[in-house]
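Below, each chain spelled out in residue letters.
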Amino acid sequence: MSEHSGDQATALSVELNGINSIDSSEHRGHPRDLFWPWFAANVSVLGVSYGSFLLDFGISFWQASIVGLVGIVVSFLFCGFIALAGKRGHAPTMTVGRAAFGVNGNRVPSALSWLLTVGWETVLASLAVLATATVLGELGWEGGNATKVVALIVVAALIVTGGILGFDFIMKLQKWITIITAVLTVIYIVLTFTQIDGATLAAIPAGSTPQVIGALVFMMTGFGLGWVNAAADYSRYLPRTASSAGVVAWTTFGASLAPLILLFFGLLLAGSSPGLRDAIASDPIGALTTILPVWFLIPFALTAVLGLVGGAVLDIYSSGLALLSTGLRVPRPVAAGIDGVIMVLGAIYVVFFAADFLGPFQGFLITLGVPVAAWCGIFMADVLMRRKGYAARDLFDPDGRYGSVRWSAIVLIVLGAVVGWGMVTNGFAEWLAWQGYLLEPLGLGGREGDWAFANLGVLVALVIGFGGTLLFGRGAVRRQEALPLDADDHLTDAQDAAERA
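Residues numbered from 1 in each chain as written. Predicted model: local features only at pLDDT ≥ 70, side-chain atom pairs only at ≥ 80, totals over all residues. Heavy atoms only, no water.

A. Focus on the confidence of the model for the protein. On average, residues of the protein carry a pLDDT of 86, and 92% of them reach 70 or more. Within the protein, the element-level pLDDT minimum falls on helix α19 (residues 487–500), averaging 48, and the maximum on helix α16 (residues 407–421), averaging 96. Ignoring residues within four places in sequence, the model shows residues 1–9, a span with pLDDT below 50, making 25 contacts including any to other chains. Predicted confidence is poor over residues 490–501, with pLDDT under 50, and the contacts of this stretch with residues over four places away or in other chains come to 22 contacts. (pLDDT = per-residue confidence, 0-100. Helix = DSSP H or I, 4+ residues; strand = E, 2+ residues; numbered from the N terminus. Contact = heavy atoms within 4.5 Å.)

B. Fine view of unusual backbone geometry. At histidine 90, a position not held by glycine, the phi torsion is positive, near 50°. Checked against the element boundaries, histidine 90 lands in the loop between α3 (61–89) and α4 (93–96). A residue is classified by how much of its surface remains accessible, and histidine 90, at 1% relative accessible area, is buried. The residue asparagine 455 is not glycine, and still its phi comes out positive at about 55°. Along the chain, the position of asparagine 455 falls in the loop between α16 and α17 (456–472). With a relative accessible area of 4%, asparagine 455 lands in the buried category. (Buried < 20%, exposed > 50% of the residue type's maximum accessible area, 1.4 Å probe, protein only.)

C. Representation of a nonpolar patch on the surface within the structure. On the surface, Trp176, Ile179, Ile180, Val183, Ile187, Trp295 and Leu302 cluster together to form a nonpolar patch covering roughly 700 Å² of accessible area. Here isoleucine 179 lies in helix α8 (residues 167–192). (Patch = residues over 30% accessible without salt bridge, like charges linked within 9 Å, V, L, I, M, F, W, Y side chains within 5 Å. Areas by Shrake-Rupley, 256 points an atom, 1.4 Å probe, with all protein chains shown as cover. Salt bridge = Lys/Arg side-chain N within 4 Å of Asp/Glu carboxyl O.)

D. Here's a closer look at empty space enclosed by the protein. Evaluated as defined, the whole model comprises five cavities of 30 Å³ or more. In this structure, the largest cavity spans a volume of roughly 190 Å³. Along its surface, the largest cavity is lined by 16 residues, and Ala41, Asn42, Leu46, Trp120 and Leu124 are the ones closest to its centre. For the lining of the largest cavity, the leading source of residues is helix α13 (residues 297–325), giving four residues. Grouping the constituent residues of the lining of the largest cavity by class yields eight nonpolar, seven polar and one charged. (1 Å grid on protein atoms, 1.4 Å probe; cavity = no way out; pocket = protein on both sides within 12 Å on 5 of 7 lines; lining within 4 Å. Points joined across faces, edges and corners; volume = space filled by probe spheres on them. Nonpolar A, V, L, I, M, F, W, Y, C, P; charged D, E, K, R; others polar.)

E. Layout of the packing of α3 against helix α11 (residues 244–272). Contact geometry of α3 with α11 gives a least axis separation of 8 Å together with a crossing angle of 155°. For the element pair α3 / α11, the angle class is roughly antiparallel. For the element pair α3 and α11, the recorded crossing hand is right-handed. Along the lines of polarity and charge, the residues of the contact of α3 with α11 split into 20 nonpolar, seven polar and two charged. (Axes fitted to C-alpha atoms, helices over the stretch in contact; angles between N-to-C directions. Parallel < 35°, antiparallel > 145°, perpendicular 65-115°, else oblique. Left-handed = near helix turned anticlockwise from the far one by under 90°.)

F. Structural context of the packing of aromatic side chains. Throughout the structure, instances matching the rule amount to 23 aromatic pairs. With a centroid separation of 6.2 Å and an interplanar angle of 85°, the aromatic rings of phenylalanine 35 and tryptophan 250 are classed as edge-to-face. You can see phenylalanine 35 sitting in helix α1 (residues 35–42) and its partner tryptophan 250 sitting in helix α11, a full 215 residues away along the chain. The exposure class assigned to tryptophan 250 is partly exposed, which follows from its relative accessible area of 33%. When the centroid spacing of 5.3 Å and the interplanar angle of 70° are considered together, the rings of tyrosine 50 and phenylalanine 53 count as edge-to-face. Pair noted here: tyrosine 50 and phenylalanine 53 are both in helix α2 (residues 46–55), with a separation of three residues, about one helical turn. Accessibility classification places tyrosine 50 together with phenylalanine 53 in one group, the buried group. Through a chain of ring-to-ring contacts, three or more aromatic side chains come together here, namely Tyr50, Phe53, Phe57, Phe76, Phe218 and Phe223. If you follow lysine 175 out to its NZ or CZ, it ends over the ring of tryptophan 36, 5.4 Å from the centre. (Phe/Tyr/Trp six-rings, centres within 6.5 Å; stacked < 30°, edge-to-face > 60°. Lys NZ or Arg CZ within 6 Å of the ring centre and 35° of its normal.)

G. Main features of helix α10 (residues 209–222). Here α10 is 14 residues long and its end C-alpha atoms lie 20 Å apart, about the 20 Å a rise of 1.5 Å per residue gives. Summarising burial for α10: ten of the 14 residues are buried, a large majority. Those residues of α10 that sit buried are Pro210, Ile213, Gly214, Ala215, Val217, Phe218, Met219, Met220, Thr221 and Gly222. (Expected span 1.5 Å × (residues − 1).)

This is the structure we're talking about:
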C-alpha cells in the first residue's frame, strides 16, 4: 500500500487513503463540517446513563452537574486542540504523532490508541445489542439469545460497513444520525420529564472532595479523553487555509453539546429514582425503556442504536488507522475489517457472558485512561511548541528530522502510566487489584482511604506528559523546525504564521 496515494472518494466508494498525508488536491470542507461527526458520535442516550454513573460516586445533584459541565467541555477542548494537528499535517492523529515520538517510537502510543478505540467500539456495539434486546422484550418479542444474536449481526454490519467505506461515507452518515437522533432524543426527554422528582433530587447529600474529583476524572475519561487519540483523523482533509480557531471551536462544540444536555437530564432522572439507578448499572440503555410508553419503544430503539453506531463507526475507523500505525502493512479497509472481527468477539463476551456492565466499563476507562492522559499531555505540549508546519515526508522516514525513536517521549508516557496506575484503584475486577500501590506511600490513605476512588492518577499522568514535554522537548522541536521544508510544506508554514499573526 502506498502511504502517499489516494483517490477522491464518493460517499459509497471505499476510501483508499490510510495513514498517508492527504494530497492537497483532496483538501476540502470547512471547520463547521466537524460539527456533524462529533455531534453524532456523542449524541448516544448513553449520556443519560452517565447521570446515574456520576451519582454513584456519592455526590449531590448540583455537584454532579458542575462536574459534568467541566469534565465534558474541558476534555473535548483537548480534542479540539489536537484536531489542529490534523489540519496542519493533513494526516491521522497517529501519523502526526510521529513528530513527538519518532517514526518507530510512535508505535507504542499507536498500540495504546488501538486498544482504546477497539475497546470503545466493543462497548458501544454491546450496548446497542443489549438495548435492542430489551426493547424487543418489552414489546413481547423476546426470543432469548436468538434476539441478541440477530441484533449483534445487524449492529456489527452497520459499524463495520462504515469503517470499511471510510471518511466520506462516515461524514454523510453522521449528518443523518445527528438529525434523526436529535429529534427523537427531544421526544424522549418530553415523554419522561414527568418522572423528575425535585424533592428527591434536593435530598441527595453532597459528597467529599475526593468523591467530586473521582467523578470529574470519570467524566473526562468517559468523554474527551476517550477521543483524543482520534481527534485529528477528521480534520485532516481540511484545506490549509481553514481557521485554526474554527477547528478547535467546532470540534469542542459539536462533541460537547449533546452530552451536556443528555447528562443533565440523566441526572434529573437517576436522582429521582434509586430503582432506575440500580437498573442502569446492568443495562445502561435498556433500563431507560422502563419509563417509556409502549408506542415509543421502537423509536427509542432507533435512537439508541443509531447514537451508539455513530460513536462506534468513528471508533472503528480510527482503530483501523491506529492499527496501521503500529506497523501492520495491509490496506485501511482490511484493518477496519480486522477490528470489526475483534469487536464482535468482545461484544459476544459482554452480551452473553459478563455478569454486569458498569464494573468492567469503569475498570476499562480508568486503566487505559492513565496512559492515554499521559499521551494527551505529550501531544498537546508538542503541538503548542511548534511554530511551523509538519514535514510530511519525514513523518514516514526514520532517518528524517523526527528520527526513529524520541526516547524522552517514551519515558514520559511510561512514567505517567507507572505513577498514574499507582494512584488509581479499580475494585471492579480482581485482575486490576494491583493498582493503587502509591496511595499508601503518598499518605493518601491506601486502597481503602478517602482518596482511593478519586483516580488522581489520570490527572497526574496528564501533568507529567504535558509538563515533561514542555521541559525536555523544546530543544528537539526547535532542531526539527530549523531544517528547511519542502515546497508544499512551506505553504503550511506560511499560512500558519499568518494565522498566528
